[in-house]
Amino acid sequence: MKNVVVLNGPNLQRLGSREPEIYGEMNLDSLTKELSKLAESLSLSLEFLQSDSESELIAAVHRATDAKQDIVINPAAFTHYSYALADACKAHTSAGAKLIEVHISNPHAREEFRHKSVISASATGVIAGFGFDSYKLALRQLAG
Ligand code: DQA
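Here we summarise the structure given alongside this text.

What counts and what doesn't
- Residues numbered from 1 in each chain as written.
- Predicted model: local features only at pLDDT ≥ 70, side-chain atom pairs only at ≥ 80, totals over all residues.
- Heavy atoms only, no water.
- Helix = DSSP H or I, 4+ residues; strand = E, 2+ residues; numbered from the N terminus.
- Rg over C-alpha atoms; globule rule 2.2 N^0.38 Å.
- Buried < 20%, exposed > 50% of the residue type's maximum accessible area, 1.4 Å probe, protein only.
- Contact = heavy atoms within 4.5 Å.
- Areas by Shrake-Rupley, 256 points an atom, 1.4 Å probe, with all protein chains shown as cover.
- Salt bridge = Lys/Arg side-chain N within 4 Å of Asp/Glu carboxyl O.
- Pairing = 2+ DSSP bridges.
- Axes fitted to C-alpha atoms, helices over the stretch in contact; angles between N-to-C directions.
- Parallel < 35°, antiparallel > 145°, perpendicular 65-115°, else oblique.
- Left-handed = near helix turned anticlockwise from the far one by under 90°.
- Nonpolar A, V, L, I, M, F, W, Y, C, P; charged D, E, K, R; others polar.
- Near = heavy atom within 4 Å.
- Polar contact = N/O pair within 3.5 Å; in protein donor to acceptor, adjacent residues only side chain to side chain.

Some points on the overall build of the protein
A count of helices and strands for the protein gives five helices and five strands. Secondary structure elements in the protein, listed N-terminal to C-terminal, are β-α-α-β-α-β-α-β-β-α. Its C-alpha radius of gyration of 14 Å places the protein within 12% of the 15 Å reference for a compact globule of 144 residues. Judged by the C-alpha coordinates and their principal axes, the protein covers about 35 × 35 × 25 Å. Across the 144 residues that make up the protein, the buried fraction comes to 45%. In the protein, 77% of the contacts between residues at least 6 apart in sequence involve partners at least 24 apart. For the protein, the accessible surface area stands at approximately 7100 Å², while carbon and sulfur atoms represent 50% of it.

Observations regarding the environment of Arg14
Here Arg14 lies in the loop between strand S1 (2–8) and helix H1 (20–23). Accessibility expressed as a relative area gives 48% for Arg14, which makes it partly exposed. A C-alpha to C-alpha distance of 7.4 Å links Arg14 and Leu28, two positions 14 residues apart in sequence.

Some points on the pattern of salt bridges
Here the structure, examined in full by the defined rule, presents six salt bridges. A salt bridge links Asp70 to Lys2; its shortest N-O distance comes to 2.9 Å. Of the two residues, Asp70 sits in strand S3 (residues 70–74) while Lys2 sits in strand S1, which places them 68 residues apart along the sequence. Looking at Lys2, the relative accessible area reads 34%, which means it is partly exposed.

Structural notes on the sheet that holds strand S4 (residues 99–103)
If you trace the five strands from one edge of the open sheet to the other, you get S2-S1-S3-S4-S5, paired in parallel fashion. Strands at the two margins of the open sheet, each flanked by one partner only, are strand S2 (44–50) and strand S5 (125–128). Across the sheet, the mean angle separating the axes of adjacent strands is 20° when strand polarity is ignored. Both S1 and S3 contribute to a ladder of five bridges, which runs parallel. By the bridge assignment, Leu7 is partnered in S3 with Ile73.

Focus on the packing of helix H2 (residues 28–41) against helix H5 (residues 133–143)
Relative orientation of the contacting elements H2 and H5 amounts to 25°, with a least axis distance of 10 Å. As summarised for this structure, H2 and H5 are arranged roughly parallel, according to the angle between their axes. Classified by chirality, the crossing of H5 by H2 is right-handed. Contacts between H2 and H5 pair Leu31, Glu34, Leu35 and Leu38 from the former with Tyr135, Lys136, Leu139 and Arg140 from the latter. Of the residues contributing to the contact of H2 with H5, the split by class is five nonpolar, no polar and three charged.

A short note on the site of the ligand
In the region of the ligand, the neighbouring residues are Arg18, Tyr23, Asn74, Ala76, Ala77, His80, His103, Ile104, Ser105, Arg110 and Arg114. Between Ala77 and the ligand, the recorded distance is 3.2 Å, taken from a backbone N or O atom to an oxygen atom. Contact between the ligand and Arg114: an oxygen atom at 2.9 Å from a side-chain N or O atom of the residue. Here the ligand loses 99% of its free accessible area of 320 Å² to cover by the protein chains. Of the residues that constitute the shell around the ligand, the class distribution is four nonpolar, four polar and three charged.

This is the structure we're talking about:
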């Protein structure tokens, strides 16, 4: 069974209470449950990590690179300025594994500072603006 790592960046543990008009009313636990259910039907096994720490996310990308696991990542605000995370993502895709960048909202329709992603150039693909479905579309893509 193919194993996929699902990474969520800073503040995403606040889903459900954080700006629900943008991110919806469902929390991170509901997202994890929904994705786990979908993964079963796609014959994927998932590993989850949410962290506010850049170094923890980078270490998780490195582990996935070494294990040749595909990644679905919502880098949250790190999207816009973390060259360190971008370098880890680049090393991951250069090593031949896939990495899909996802966003719940459409950052391009929001404040100017969200229009730039330093991660996208290192990603296999990007899915944004579909709420929790952004993650589901990414899993479907990885399941082939
Ligand atoms: C986000 C968009 C980012 O701009 C923001 O910093 C987030 C969440 C999204 O999923 O829409 O924390 O990545």
